[in-house]
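Overview (structure and organization)
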Amino acid sequence: TRGTKISFIEAIKSGFTKYLVFKGRARRSEYWWWVLFSFGVQFVFSLILQLISFSDSADNLKALGITVVVTGYFVSAVLLIPTPSVTCRRLHDIGKSGWWQLYMGLAIGLSWVLFFVGLGGLLIAEIFSESDILTSLFWGLLLLSLLSAVTLTIRWITWLARDSDSIPNKYQ
């Protein structure tokens, strides 16, 4: 139901019990608690690895570092499926198809690829070319792709932060 919130623990349980469930709906709180959990777990592994690598006794902790890396990859793999699953259910909750995460992911990713192509082209044009037209084209690509990436990302976040549809939709 609209407005019903679930706790952090319930959201994690739901993420794992509905591991491969791409049907149904996920409340806003379920989605964002899952994102916080997933990010937090991966952040902890990264932090531990950084502490080990910058330690004065890094050579002595090499085996521990390898264990942390392998465990971190395993945890990332375990969290790989429920994240798109809960995102799919979240999109259903606002009346959108779960396929939108693929479309938006590709569009945002392509925008960033074009941004870096524009950046590389701009650097090459500045170093090797005296053509103002070429430099202007790369600046245009750079700015347009950055604007596109930022706009799409903001749109994506606003969709996921939106409250549930109060009326039933085809994704019940």
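So, here's what we can say about the structure. Because the structure is predicted, anything quoted here is derived from the model rather than measured.

Take Ser85: it is sitting in helix H4 (residues 82-93). Non-local contacts of Ser85, meaning those with residues more than four positions away in its chain, are made with Lys18, Tyr19, Leu20, Val21 and Phe22.

Here we come to the packing of aromatic side chains. Inspection of the entire model under this criterion finds 13 aromatic pairs. Between Phe8 and Trp33 the ring centres are 5.3 Å apart and the planes differ by 80°, which places this aromatic pair in the edge-to-face class. Within this pair, whereas Phe8 is found in helix H1 (residues 8-17), its partner Trp33 is found in helix H2 (residues 28-53), the two being separated by 25 residues in sequence. In this structure an aromatic cluster arises from ring pairing among Phe8, Phe16, Trp33, Trp34 and Phe37. A cation over a ring is seen here: Lys96 above Trp159, with NZ or CZ 4.6 Å from the ring centre.

This part takes up the nonpolar core. Ranked by size, the top nonpolar core spans 16 residues in total, and within it Phe37, Leu79, Leu91, Trp156 and Trp159 carry the most contacts. Put simply, the parts of the chain that give this core at least two residues each are H2, helix H3 (62-80), H4, helix H5 (100-128) and helix H6 (132-161). With 4 residues, H2 is the single largest residue contributor to this core. Apart from the residues lying within four places of it in its own chain, the contact partners of Phe37 are Phe8, Ile12, Phe16 and Leu79.

Before going further, it helps to spend a moment on H4. Compared with the 16 Å implied by 1.5 Å per residue over 12 residues, the 16 Å span of H4 between its first and last C-alpha is a close match. Looking only at H4, the buried set comprises Pro82, Ser85, Val86, Thr87, Cys88, Arg89, Arg90, Leu91, His92 and Asp93. On the buried face of H4, the contacting elements are H1, H2, H3, H5 and H6. Just past H4, the residue Gly95 takes up positive phi, approximately 85°.

Tracing the sequence through the fold places Lys96 in the loop between H4 and H5. It turns out Lys96 is buried and unbridged, and the closest side chain with the opposite charge, Asp165, is 7.9 Å from it. Here Lys96 is in contact with Leu91, Trp159, Arg162 and Tyr171, once residues within four sequence places are set aside.

So, on to a nonpolar patch on the surface. Residues Trp112, Phe116, Leu119, Leu123, Leu146, Val150 and Ile154 make up a contiguous nonpolar surface patch of roughly 610 Å² in combined accessible area. Those elements that place two or more of their residues in the nonpolar patch are H5 and H6. Among the elements that take part in the nonpolar patch, H5 stands out by supplying 4 residues, more than any other. Tracing the backbone shows Trp112 in helix H5.

Cut-offs applied
- Residues take numbers from 1 onward in each chain, read along the sequence in its written order.
- In keeping with the model being predicted, local features are shown solely for residues with a pLDDT of at least 70 and side-chain atom pairs are shown and tallied solely at 80 or more, while totals for entire chains, interfaces and linings include all residues.
- Side-chain figures throughout are based on the complete set of non-hydrogen atoms in the structure, without hydrogens or water.
- Put simply, DSSP marks the helices as runs of H or I at least four residues long and the strands as runs of E at least two long, and each gets a number from the N terminus on.
- Only heavy atoms matter for contacts: two residues are in contact if any of them lie within 4.5 Å across the pair.
- Two rings belonging to Phe, Tyr or Trp (six-membered ring only in the last case) form a pair when the distance between their centres is within 6.5 Å. Interplanar angles under 30 degrees mark stacking, angles over 60 mark edge-to-face geometry, and anything in between is tilted.
- The criterion for a charge sitting over a ring is simple: Lys NZ or Arg CZ within 6 Å of the ring centre, and within 35 degrees of the ring normal.
- What we call a nonpolar core is a set of buried Ala, Val, Leu, Ile, Met, Phe, Trp, Tyr and Cys residues that are connected through their side-chain atoms within 4.5 Å.
- A simple rule labels every residue: compare its accessible area, found with a 1.4 Å probe on the protein chains alone, to the largest value its type can have, and call it buried under 20%, exposed over 50%, or partly exposed in between.
- Here a helix's expected span is defined as the number of its residues, less one, multiplied by 1.5 Å.
- His is not counted, nor are the chain ends; Lys and Arg add positive charge and Asp and Glu add negative charge.
- Each salt bridge in this description consists of a side-chain nitrogen of Lys or Arg and a carboxyl oxygen of Asp or Glu lying within 4 Å of one another.
- Think of a patch as exposed residues, more than 30% relative accessible area, with no salt bridge, where like charges cluster within 9 Å and nonpolar side chains (Val, Leu, Ile, Met, Phe, Trp, Tyr) cluster within 5 Å.
- Only the protein chains shown count as cover for residues, and all accessible areas are computed by the Shrake-Rupley method using a 1.4 Å probe.

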